[in-house]
Amino acid sequence: MQLSFRDLFFTLAFAALVIAIMVIAKSILIPLSLALLLSFILHPLHKRLQVKFGNIGAAFTVLLGFFLVIIGVLTFFSAEILSLSDQLTDFGDKLMIIFTDSVVFVNENLSFLGNFDKDQLLEDGKAWIKEGAAGLLGKTFSNTASFLTGIFTMIIYTFLFLIYKKSLVSAFKKFASEDNENQYLKMLKKIQLVGQKYLSGMLTLILILGLANSTGLWIIGLDNPFLFGFLAATLSIIPYIGTTIGASIPVLYGFISSDELWVPLAVAGMFWLVQVIESNFLSPKIVGNSVNVNAFAAILSLIVGASVWGVAGMVLFLPFAAMLKVICESYLPLQPLALLIGDDHFNNKQKAENGPSWFSKIKKSLSR
């Protein structure tokens, strides 16, 4: 066994350089990455409309339809938020009262604060919330302006990706030799399919989970069920922690807004049931086959993405890991890295040990 310190140094230096570029140029790379994934999912529709409207006309039509859908979704949720805003004051007051009562209870048993006035503590807490809300409001306006700028930039990038896709493919073909040109094109096509299937699968999963969550919250009787249901479904884009955050918000709201304890417990049980169905049946069938990344690589991509790009990195780095796996599979020196990222070996081993699944057995018996 031999170890080349020169190759190891260049590998680590290249990885550090890539991460440094991602951190420094994240304001450019984040909308560019989102536009790349969006162009992947809009490519089939653009290809169909291109015969009728031409290249530029088809791209404009596709993006206009996407923009109208986004406007409709934002309008619906804005109306839901406005209807909920009247209850936010009472919600904050109840939350502050519960916090004050908890502090009083702990202090009576432990006496770590000495004697203090409960009403004064309540007033100080409300004043602190108002001061924090003022700063939060100013930060919200700043973040909203940045968000809208990023959305506009993403739409421009997507439009350019769609109309110049042939030129981009031809340019990338120049990186491959003539002997490997076909394999290189297959790799590019597979990368595009991974991004397309992942994004379309996530959108389908969000729609299914949103309807399931909203129906469950409506049956329980929680206010604004569609807002909380689709909010939790949208947060499920963030692997592992998004579903927990999305479920904790309606559980907390049910605990504060209702005087009966069974409401938050029912909300928590409903989200647990939906999560079990999603993890074991929906996600593996809809999204799992397209990503095909093991749990270690998924968690690592989540941590690195959060460190480099924040919430956007938590969303984007998982499909990027799947695309990196496709690239590594196409080059012999990088194939060990593909094995570390992928889940093929584990799935094949499990299938060999466990035999055919119950779904395959039923399908085989019906085909007879």
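Because the structure is predicted, anything quoted here is derived from the model rather than measured. (Residues numbered from 1 in each chain as written. Predicted model: local features only at pLDDT ≥ 70, side-chain atom pairs only at ≥ 80, totals over all residues. Heavy atoms only, no water.)

## Quick word on the overall build of the protein
For the protein, the helix and strand inventory stands at 13 helices and zero strands. Mapped from its N terminus to its C terminus, the protein presents α and β elements in the order α-α-α-α-α-α-α-α-α-α-α-α-α. The buried share of the protein, reckoned over its 368 residues, is 31%. Considering only contacts in the protein between residues 6 or more positions apart, those separated by 24 or more positions represent 67%. For the protein, the computed accessible surface area is about 24000 Å², with 70% contributed by carbon and sulfur atoms. (Helix = DSSP H or I, 4+ residues; strand = E, 2+ residues; numbered from the N terminus. Buried < 20%, exposed > 50% of the residue type's maximum accessible area, 1.4 Å probe, protein only. Contact = heavy atoms within 4.5 Å. Areas by Shrake-Rupley, 256 points an atom, 1.4 Å probe, with all protein chains shown as cover.)

## Details of the environment of Val194
As for its position among the elements, Val194 is in helix 5 (residues 181-220). A residue is classified by how much of its surface remains accessible, and Val194, at 11% relative accessible area, is buried. For the pair Val194 and Phe320, spaced 126 residues apart in the sequence, the C-alpha separation amounts to 9.4 Å.

## Points about empty space enclosed by the protein
Applying the stated criterion to the full structure yields one cavity of 30 Å³ or more. In this model, the largest cavity occupies a volume close to 70 Å³. The wall of the largest cavity is formed by Leu209, Asn213, Ala232, Ala233, Ser236, Thr243, Phe271, Val274, Gln275 and Glu278. Sorting the residues of the lining of the largest cavity by element identifies helix 5, helix 6 (225-235) and helix 8 (262-291) as the ones contributing at least two each. The biggest single contributor to the lining of the largest cavity is helix 8, with four residues. (1 Å grid on protein atoms, 1.4 Å probe; cavity = no way out; pocket = protein on both sides within 12 Å on 5 of 7 lines; lining within 4 Å. Points joined across faces, edges and corners; volume = space filled by probe spheres on them.)

## A short note on the side chain of Ser301
Mapped onto the elements of the fold, Ser301 is located in helix 9 (residues 295-309). The residues touching Ser301, leaving out its near neighbours within four places in the chain, are Gly313, Phe317, Leu318 and Ala321.

## Considering the confidence of the model for the protein
Note: predicted coordinates in regions of low pLDDT should not be interpreted at a detailed level. Of all residues in the protein, 71% attain a pLDDT of 70 or more, and the chain-wide mean is 75. Segment residues 132-141 is flagged for pLDDT under 50; beyond a separation of four residues in sequence, or across chains, it makes zero contacts in the model. (pLDDT = per-residue confidence, 0-100.)

## Some words on the layout of surface pockets
Put simply, the second largest pocket is a space of about 2400 Å³. With nine residues, helix 2 (residues 26-110) is the single largest residue contributor to the lining of the second largest pocket. Each residue belonging to the lining of the second largest pocket can be placed in one class, and the counts come to 38 nonpolar, seven polar and four charged. (Nonpolar A, V, L, I, M, F, W, Y, C, P; charged D, E, K, R; others polar.)

## Some thoughts on the packing of helix 4 (residues 165-173) against helix 5
At a closest axis distance of 10 Å, the pairing of helix 4 and helix 5 adopts a crossing angle of 135°. Overall, the two elements helix 4 and helix 5 adopt an arrangement that is oblique. For the element pair helix 4 and helix 5, the recorded crossing hand is right-handed. Where helix 4 approaches helix 5, its residues Val169, Phe172 and Lys173 are matched on the opposing element by Glu181, Tyr184, Leu185 and Leu188. (Axes fitted to C-alpha atoms, helices over the stretch in contact; angles between N-to-C directions. Parallel < 35°, antiparallel > 145°, perpendicular 65-115°, else oblique. Left-handed = near helix turned anticlockwise from the far one by under 90°.)

## Things to note about the side chain of Lys165
Structurally, Lys165 can be placed in helix 4. Setting aside its immediate chain neighbours within four residues, Lys165 contacts His43, His46, Gln50 and Asn55.

## Some remarks on a nonpolar patch on the surface
On the surface, Phe152, Ile156, Leu160, Tyr164, Leu168, Phe172 and Phe175 cluster together into a nonpolar patch covering about 730 Å² of accessible area. Checked against the element boundaries, Phe152 lands in helix 3 (residues 118-163). Exposure remark for Phe152: the relative accessible area of 58% places this residue in the exposed category. (Patch = residues over 30% accessible without salt bridge, like charges linked within 9 Å, V, L, I, M, F, W, Y side chains within 5 Å. Salt bridge = Lys/Arg side-chain N within 4 Å of Asp/Glu carboxyl O.)

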